[in-house]
Amino acid sequence: MSELPDPRLLFAFEARVDVAESRHVGRGPDEVLMFTPITGGTVSGPRLNGRVLAGGGDWSTTRGQVTELDARYLLEADDGTVIDIWNRGFWRATPEVDARVEAGEDLPETEYYYRTSPVFRTDAPAHRWLASSVFVGLARGEGGQVRIRFFEVL
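Attention in this report is confined to the structure presented alongside it. Every value quoted in this text rests on a predicted model; they were computed, and no experiment measured them.

1. Details of the overall build of the protein
Link 1 in the chain: Helices and strands together make up the secondary structure of the protein, namely two helices and ten strands.
Link 2 in the chain: Each helix (α) and strand (β) of the protein, taken in turn from the N terminus, gives the series β-β-β-β-β-β-β-α-β-α-β-β.
Link 3 in the chain: Taken over the C-alpha trace, the protein has a radius of gyration of 16 Å; the compact-globule value for 154 residues is 15 Å, and the two agree within 12%.
Link 4 in the chain: For the protein, the spread of C-alpha atoms along the principal axes amounts to about 45 × 45 × 30 Å.
Link 5 in the chain: Within the span of the protein, comprising 154 residues, buried residues form 36% of the whole.
Link 6 in the chain: Considering only contacts in the protein between residues 6 or more positions apart, those separated by 24 or more positions represent 50%.

Put into structure tokens, the structure is as follows:
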């Protein structure tokens, strides 16, 4: 029996997502729920170009030092195709790194964990590859935006 190959990653595109100030939604036992509105942005890369449409958002639940992300929004490709994205993931950092990020310090991604697992939906033939592949996203905050580089898992 042959071994399964290790996965390879192919860079597909980058989204620079504009966000508004996060809003406190509620507090449960040992957790805090916040909502961050998505107000627009850009999409660029070798396999997809377009924009992030306003109107989506990210519901984040923080438990201890781990924040679970649950974002839902729309992309519009340059050809006018609307693409639904459901992007779940995790932010994890020490309290010291959290404080430095909140203070606006630009830290390398090796100091925290900010990863996503997006699922795309569209019926447009030109973009069907998005809805039939597995992707991972590497994210970082940058000056009022969330920058996410999306990679297709091969």
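Alright, that's what it looks like, and here's the rest.
2. A few points about the packing of aromatic side chains
Link 1 in the chain: In the structure shown here, the tally under the stated rule is nine aromatic pairs.
Link 2 in the chain: When the centroid spacing of 4.7 Å and the interplanar angle of 55 degrees are considered together, the rings of F35 and W59 count as tilted. Taken together, the residues F35 in strand β3 (residues 31–44) and W59 in strand β5 (residues 57–63) connect sequence positions 24 residues apart.
Link 3 in the chain: A relative accessible area of 39% means that W59 is categorised as partly exposed.

3. Observations concerning the nonpolar core
Link 1 in the chain: If you look at the biggest cluster of nonpolar residues, it comprises 29 residues, and the most contacted ones within it are F13, Y73, L75 and F120.
Link 2 in the chain: Counting only elements with at least two residues in this core, the list comes to β1 (9–19), β3, β6 (66–77), β7 (82–92), β8 (113–121), α2 (128–131), β9 (135–142) and β10 (145–153).
Link 3 in the chain: Ranked by residue count, the leading element in this core is β6, at five residues.
Link 4 in the chain: Discounting chain neighbours no more than four positions away, the residues touching F13 are V43, S44, G45, L48, L75, F120, L130, I148, R149 and F150.

4. A short note on the pairing of β3
Link 1 in the chain: One ladder, built from six bridges, connects β1 with β3; its direction is antiparallel. Pairing of V19 across the sheet is with I38, part of β3.
Link 2 in the chain: As judged from the five bridges shared by strand β2 (residues 23–28) and β3, these two strands associate in the antiparallel manner. Residue pairing for β3: H24 is matched across the bridge by M34.
Link 3 in the chain: With antiparallel pairing between neighbouring strands as the criterion, β2 and β3 make up a hairpin whose turn holds two residues, including D30 at a positive phi of roughly 60 degrees.
Link 4 in the chain: Bridge count between β3 and β5: six bridges; the pairing is antiparallel. Within β5, the residue paired with M34 across the bridge is S60.
Link 5 in the chain: Inspection of the sheet shows β3 paired to strand β4 (residues 50–52) by two bridges, in the antiparallel sense. Counted as the bridge partner of V43 is G50 from β4.
Link 6 in the chain: Counting the residues between successive antiparallel strands, the hairpin from β3 to β4 contains five residues.

5. Describing the side chain of T81
Link 1 in the chain: Here T81 is to be found in the loop between β6 and β7.
Link 2 in the chain: Judged by its relative accessible area of 14%, T81 falls in the buried class.
Link 3 in the chain: Within the structure, T81 has its side chain in polar contact with the side chain of D79 (distance 2.9 Å).
Link 4 in the chain: Leave out the neighbours within four places in its chain, and T81 touches L75, E76, T122, A124 and H127.

Rules of the game
Residues numbered from 1 in each chain as written. Predicted model: local features only at pLDDT ≥ 70, side-chain atom pairs only at ≥ 80, totals over all residues. Heavy atoms only, no water. Helix = DSSP H or I, 4+ residues; strand = E, 2+ residues; numbered from the N terminus. Rg over C-alpha atoms; globule rule 2.2 N^0.38 Å. Buried < 20%, exposed > 50% of the residue type's maximum accessible area, 1.4 Å probe, protein only. Contact = heavy atoms within 4.5 Å. Phe/Tyr/Trp six-rings, centres within 6.5 Å; stacked < 30°, edge-to-face > 60°. Core = buried A, V, L, I, M, F, W, Y, C linked by side-chain atoms within 4.5 Å. Pairing = 2+ DSSP bridges. Polar contact = N/O pair within 3.5 Å; in protein donor to acceptor, adjacent residues only side chain to side chain.

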